[in-house]
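Tertiary structure, described
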Amino acid sequence: MSTKDPGHSVDPGVLRRVGQLLREIGATEGQSGKAVQKVRYLNELAKSLKDNNIALARLLNPLAALKCLCIPIVSANGAARAAAFRALRYLMVTQELHDAVLDMKLDLFIVRSLDQDVSKETERLQAIKLVRTMMLLQPLNCPLSFGRVIVSVAAGNQDSLCQSALSILCELTVLNPRMASMCGGIRAIHMGIVANHNNVMLQRLQKTYGTAIPMAAPLNEFMTLTLLRLYNTPETRRYLRQDIEIETMMAPLLDVHYKHSAESADGTGQQAKNEKIAHINASQMSVLTMFRTWQGLMYVCRPSEKSALQAFIDVLPYPEEGLQMAVLNVIFSIFHLKVPVETDDFVEALATCSPSEFQEEWQLDQGWMVEEARALLPRRSNGRVNMMDQYHAVVLQAFLSRGILERLVEVALSQVATVSTMATILLGELLHLANAVLPIEIACTTHSLPTLVVVATDFRGDVERRNRANSVINNLDYLHQRKKDPPLPNSLYLEMMLQQFQQGDIEKRKANHAPDWVPQDLDEVQLLKSIQKTNVIEKDWELRGQWDWPSIDAVFRMPNVTIKRLEEQYPKFIKRLVNFYMPRKSFSTMKASQENRKYSAVGLQFFAFMVAGLGPNDDPPRCLYDLLSDIALHLDCIGQTTRAFFTPLAMNETLARDYFLFLGKLSTTAYGFQLLERYNFFRIFLELCDSDHQDREDFQRLLISSLDFSRDGHSRIILTKLLTNTSETMRLYATGHLRVLLRAKVPFFHIWCMEMLVAQLCDPSTDVSNEALDVLDEACEDEACLHSLVTLQPSLLHLGQPGRALLTRFVTINSGLKLLKSLHFIDEELERWFNEENKAYVGIVDYRMAQSMTSFKIHPEGQYTRRSATDRHLAGSRELLVPIHFYGQLAQQREGFEMLMKAGHIDFYIELVKFAPTPSTNDQLLQVKAAVWALCHIGVTLWGLNVLTDSGVLGRLVEMSETSLVCTLRGTCVLALSLIAQSSSGCDALEMYGLRSVRHSSDALWPVTVQHTSTGRAGGAGTGGAGAGVHLAVSRSASDHIADGCSTSESGEETSDPSSSMMLSTPTRQIKRSVSSTDSRTSAGLSIALSGVSINMEEVDAFSPDDITGVDGVGGVSPVAPTSRLQSLRSFNSTTSALNTSTQSDNLLFARARTQPPSMASGGKIARRKPSNPVARKGSIPHLASSTGAFLGVCLPTDINRLFQLDEEPFTGSLADTFEDPVGLRFDSFHHVKDCVLCVHQPSQEAEAFHAAQLNLEETMERGPQARSSYKSKDNSKEVGDTDVMEFEGRLQVRRDFISCISKLSGAVGSRNNQSQIMSIKDNYKFISKDLCLYSQVAGLLEYYHFRIHVRRFVQHLFDEADFSSIFRNLSRPGLSELIMAGQSE
């Protein structure tokens, strides 16, 4: 609904014209002329209200305006009704008008229009829009009739408004779940999730695009999130019947013989097959959504005999290919793994799911190298927890506890090659993920696959099955070898940059593919043989397909071979290569594809070879001179239509664009840079960056992607010019390229790139400034860049919350803390975070989780839409860093932590978490979540951890993660607890509460992890397993020192500090090296006894379980966003009033937290207890080396079922059964004046006579059945206005039987006979179809009972002869002064 600002002034002429239009609309047919003219007035009125609806609503009398709109609403003209609904929708902005519509019984006519035939699409569309507007305006006062008709429309799959009705039901369920349950909306939603593919709208889309709808059906995800939201709290969890509603969504995947309804196709025909595939696709999206929300995960993984997760896993071995592939695809998506193509070739399938596989957004006219680097190069994220690691760890442990590995082994051993290949890849990926994100105490036995080993070594069994098992083992080993190296770049542009700045890694990996026959010391004979092997001399360049390109590349890499030597001895070899790479020759016309990539790769090596070993005074080789001259000539012709060579088409589709790659290679060397200056290439490049070539962004992108910016000079001038280009898209790309330079580790980035990024913060485009802000945030992970940013002192506050978040990072270093302290920023920010930002931080985390877990995105206008293919990678990202929190940043410095404690915020949040009751409203839940995040952020530091342990709040957080009845609160607690698991001291503290943590960093591919002995309440962990290769026995604190002293070498392997290998007497802990079972180099077990320094254990023993209060059982971890945000709902906060069921005493602590600032003292204000010394507390954990940001940040309980157990009695029935009658005590056929649309507007003696006759009829019915036939002898030709009481009784008996027959239509049994009886009554008694009082009673019946949409249409058609316009015929038309508020008509 479009609205203007309430303060928007209205032109008096427009206001006067609106009043005149309303008067004309309110006139009867005889007063205003034809209905066509009235439709024109209504359309003009709707346009005026659309532009100024809020302002006009303040100036118009809503009741008088509604009287005018009543006439067209009950008109017999469908176009007039549709236009009236549209105008009323734009006028519906106040509660007063909403209540007036219901008081005047106009909702009956809105419902009647929705019950019309599908041919009247315009009228029905305007009616359903009006229903939605009224429902959003007053969700708690929504009439039941609206809910009933929307449910009926949603259940009609052949209705074009089916999807709109389902969307409205989802909104009603969120805003008023009680009403949704009463009208059957919840059942309609979970039935519509699977049946949504059948509706007419989707069939139209299929005809339009010619393909089937993808797995993510338009509404499936949205409807699933709606149902899962009900499962979040105990108050709304009652609306779902356990083991019924949610299991319906999973039925197509779990039931092989699933049939949706009686109308579904039978047999094995094509129609039945298509329906089955559609049901499976719809169920896939729903199941995936369930696993990606904390509520859904708790429901699916709940420990019970009817566990949905166990059924989901057990269906895998069932020999049905389509079902197996669907389940495998869901599991791939759950863990954010790329789904391979369906093929029986394992190597080909594995290549398609590689991160290096080309993606559409990597094209030149889209994201190009910036998007490729974002996807392939790791982020600089030291000390930031990746929430996806915690999510994957929880879900993976749940899957492992249900035997997913053994099920995958069974599928991998199946005879269907495509399914076996998919299962093998998934098995290898899960094993690799378990080694990376699971604690060693939990993952120590995951790599043992007994079934696979038994089958592979069973020489007495089936030979074919044994061969398949050996093939699976070989494939797993191949996948393991591929996992050892990070992915290679797809484009040569990114590869060239990485070769320059990360020379060792790339060259070592490429050397593994070099030909073995190349000798190190070449004589003339060997050189001749090498050149002859290339076939260049024997074959002309036109026959380049017969050249041996790997051999050509090897010649250029040979030692002691120079370009001068080849030009003198083998000129034909060089000449043919030069002719091949000349512009307008063979190379430049070849299509840019992966197959032709080798030509560009050899050309890149050829240009590097031609300038190798040349000094500043040397002349360039003749071949290089010819190439550069010809390239410069064609570049000078850009813009000329006659001699243009570098056309936009050639740049996008051919290898001609790689000439910029060759020139960029020259810029990486001093001599090549000198050549580019000599041949005026930089002048040409600067001209290409001018506004005259603004339409050639392809040139500019190629330039910025190929030039070397590590040296000062022309290249940086070009980069600066592109950063200030007139084109916004080019500035955005150039700013994104600075991120590529950051991740590629360009030298001295903190000196010159930081200045460019700070300058981009002042860009007029919001997208450019936000991109620069994001790059700066990533760069500040490097302390040198952070110091440089503090020195520059940029202006950040004008950028909003992201700018403030970057500014808060200044407090992590001494210079930044002093700077902000001198500006009085810290005190102001502390107050702002306590009053506002802590709550806003919860929303930021929720939004980022929703962005990664769902397929929706939010626009700047606040609307939610499904992501396009270009930004779909956001939903599949495996990286989601915890946002910056001011408390956590401030606590990293001792002085900052003391300021935080002095403010009293931490003590207040500790009290809130420890003593607050279970949240029952959204505001209370937001308060607790904000407190949890604030406390855990300070717990990352040593002194903050001491505060949490001494106060006992750490135990309370673990308890909440296990026992809270609010699902999203559990998720918030355990996501936040992962922050504490970053440090060795935090891991020790969590271990005391039964949580096991990952004790290695995120960049450790094959980590050396620390395993504890039994010290907590969870008991000892296992020490055996196939993954245990090396056992190192050291003491408790010495092992911490070893873990903290570990560092990663350039080769990616862990090395430990030599100082840690000291003598120690009593070993109490073991260190294991987690290795893959397929790594032959470390398969032999090696036991090494180590000794170290003796450690005083008094401080460690002082931290005992006796100091922990309020904890029972094992801890828990949350995988997903704390709240499932339903992205298309803007009125989320309006549901708080429906959940306010807690007592006043329970809300006291929340009210205090919400209303009082932290700095207030006594006298009716919050009294802060005096903060104790945060340093040197009794019983605190001793300071250990590198206590912040050392580890991955994952903590899990050994028993994962503790996370999913809800200690409450499940509700097995429908809550709607327990509600009181929403219409009355019991629906009856009595005529009530207050419920009759006619009698409300036209009270008369006739209505009183009807009421007296009803009472008399009740007394007559009690005397016997003979009175029931008293009406049969009556004359049907008499008018209703006769005053004979017995005649009234006879007519009332007809009405009673008529209503009774209609009520029976709500059931499917005997519907046809009841319809025949109804038509018989209508034909025998003509007054039935014209009786408006009877219509009101029938409308009440439609409101009370559920009828299918075709039955509702049948009932509405019974009253087509009724004159509804007579209801408001005598209504007085309001004057202009009555329509316009006093004082506005002048």
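Residues numbered from 1 in each chain as written. Predicted model: local features only at pLDDT ≥ 70, side-chain atom pairs only at ≥ 80, totals over all residues. Heavy atoms only, no water.

Attention shifts here to the overall build of the protein. When its secondary structure is counted, the protein shows 67 helices and 10 strands. Within the protein, buried positions represent 56% of all 1386 residues. The contacts of the protein with a sequence gap of at least 6 include a subset with a gap of at least 24, amounting to 77%. Only carbon and sulfur atoms are counted for the fraction: they give 50% of the accessible area of the protein, which is about 57300 Å². (Helix = DSSP H or I, 4+ residues; strand = E, 2+ residues; numbered from the N terminus. Buried < 20%, exposed > 50% of the residue type's maximum accessible area, 1.4 Å probe, protein only. Contact = heavy atoms within 4.5 Å. Areas by Shrake-Rupley, 256 points an atom, 1.4 Å probe, with all protein chains shown as cover.)

Turning next to the packing of helix 23 (residues 387–401) against helix 25 (residues 417–437). Running from amino to carboxyl end, helix 23 crosses helix 25 at an angle of 120°, the nearest separation of the two axes being 10 Å. Between helix 23 and helix 25, the interaxial angle falls into the category oblique. Relative to helix 25, the crossing made by helix 23 is left-handed. Along its contact with helix 23, which presents Asp389, His392, Ala393 and Leu396, the element helix 25 presents Leu430, Leu433, Ala434 and Val437. (Axes fitted to C-alpha atoms, helices over the stretch in contact; angles between N-to-C directions. Parallel < 35°, antiparallel > 145°, perpendicular 65-115°, else oblique. Left-handed = near helix turned anticlockwise from the far one by under 90°.)

Before going further, it helps to examine helix 36 (residues 622–636). Residues separated by three or four positions in an α-helix point in the same direction, a consequence of the helix having 3.6 residues per turn. Spanning 15 residues, helix 36 covers 21 Å between terminal C-alpha atoms, matching the ideal 21 Å at 1.5 Å per step. What helix 36 keeps buried is the set Cys623, Leu624, Leu627, Leu628, Asp630, Ile631, Ala632, His634 and Leu635. Against helix 33 (563–569), helix 34 (571–581), helix 35 (597–611), helix 38 (659–666), helix 39 (670–678) and helix 40 (681–688) lie the buried residues of helix 36. (Expected span 1.5 Å × (residues − 1).)

We now examine unusual backbone geometry. Backbone geometry places Asn535, a non-glycine residue, at a positive phi of 65°. By secondary structure assignment, the location of Asn535 is in the loop between helix 31 (524–533) and helix 32 (549–556). Residue Asn535 is classed as partly exposed on the basis of its relative accessible area, which comes to 27%.

Attention shifts here to the pattern of salt bridges. If you walk through the whole model with that rule in mind, you get 45 salt bridges. The shortest N-O distance in the salt bridge between Glu771 and Arg739 comes to 3.1 Å. With Glu771 in helix 45 (residues 766–779) and Arg739 in helix 43 (residues 728–743), this pair connects stretches of sequence that are 32 residues apart. Exposure remark for Glu771: the relative accessible area of 15% places this residue in the buried category. We note a salt bridge from Glu781 to Arg809, for which the minimum N-O separation is 3.0 Å. Placement of Glu781 in the loop between helix 45 and helix 46 (783–792) and of Arg809 in the loop between helix 47 (801–808) and helix 48 (814–822) is noted, with a sequence separation of 28 residues between them. (Salt bridge = Lys/Arg side-chain N within 4 Å of Asp/Glu carboxyl O.)

Attention now goes to the confidence of the model for the protein. When the pLDDT values of the protein are averaged, the result is 77; 73% of them are 70 or greater. When pLDDT is averaged over each helix and strand of the protein, the minimum, 26, is found for strand 9 (residues 1086–1089) and the maximum, 95, for helix 53 (residues 922–938). This model gives residues 1–7 a pLDDT under 50, and the stretch forms 15 contacts once residues within four places in sequence are excluded. pLDDT under 50 marks residues 198–216. Its contacts with residues more than four places away, or in other chains, come to 33 contacts. (pLDDT = per-residue confidence, 0-100.)

Looking now at helix 44 (residues 749–760). If you check helix 44, its first and last C-alpha atoms are 16 Å apart, about what 12 residues at 1.5 Å a residue would give, namely 16 Å. Every buried residue of helix 44 is listed here: Phe749, Trp752, Cys753, Met754, Met756, Leu757, Val758 and Gln760. Those residues of helix 44 hidden inside the fold are in contact with helix 42 (714–723), helix 43, helix 45 and helix 46.

One can find Gln924 in helix 53. Polar contacts involving the side chain of Gln924 include one to the main-chain amide nitrogen of Ser920, which spans 3.0 Å. (Polar contact = N/O pair within 3.5 Å; in protein donor to acceptor, adjacent residues only side chain to side chain.)

What follows covers the packing of aromatic side chains. Under the definition given, this model contains 49 aromatic pairs. Here Phe580 and Tyr581 contribute two aromatic rings whose centre-to-centre distance is 4.9 Å and whose plane-to-plane angle is 85°, an arrangement assigned as edge-to-face. Across the pair, exposure class does not vary: Phe580 and Tyr581 are buried alike. Measuring from centroid to centroid gives 6.0 Å for Tyr659 and Phe662, while their planes differ by 90°, and the two rings are edge-to-face. Of this pair, Tyr659 and Phe662 are both found in helix 38, 3 residues apart, which corresponds to roughly one turn of the helix. For the pair formed by Tyr659 and Phe662, the shared burial category is buried. (Phe/Tyr/Trp six-rings, centres within 6.5 Å; stacked < 30°, edge-to-face > 60°.)

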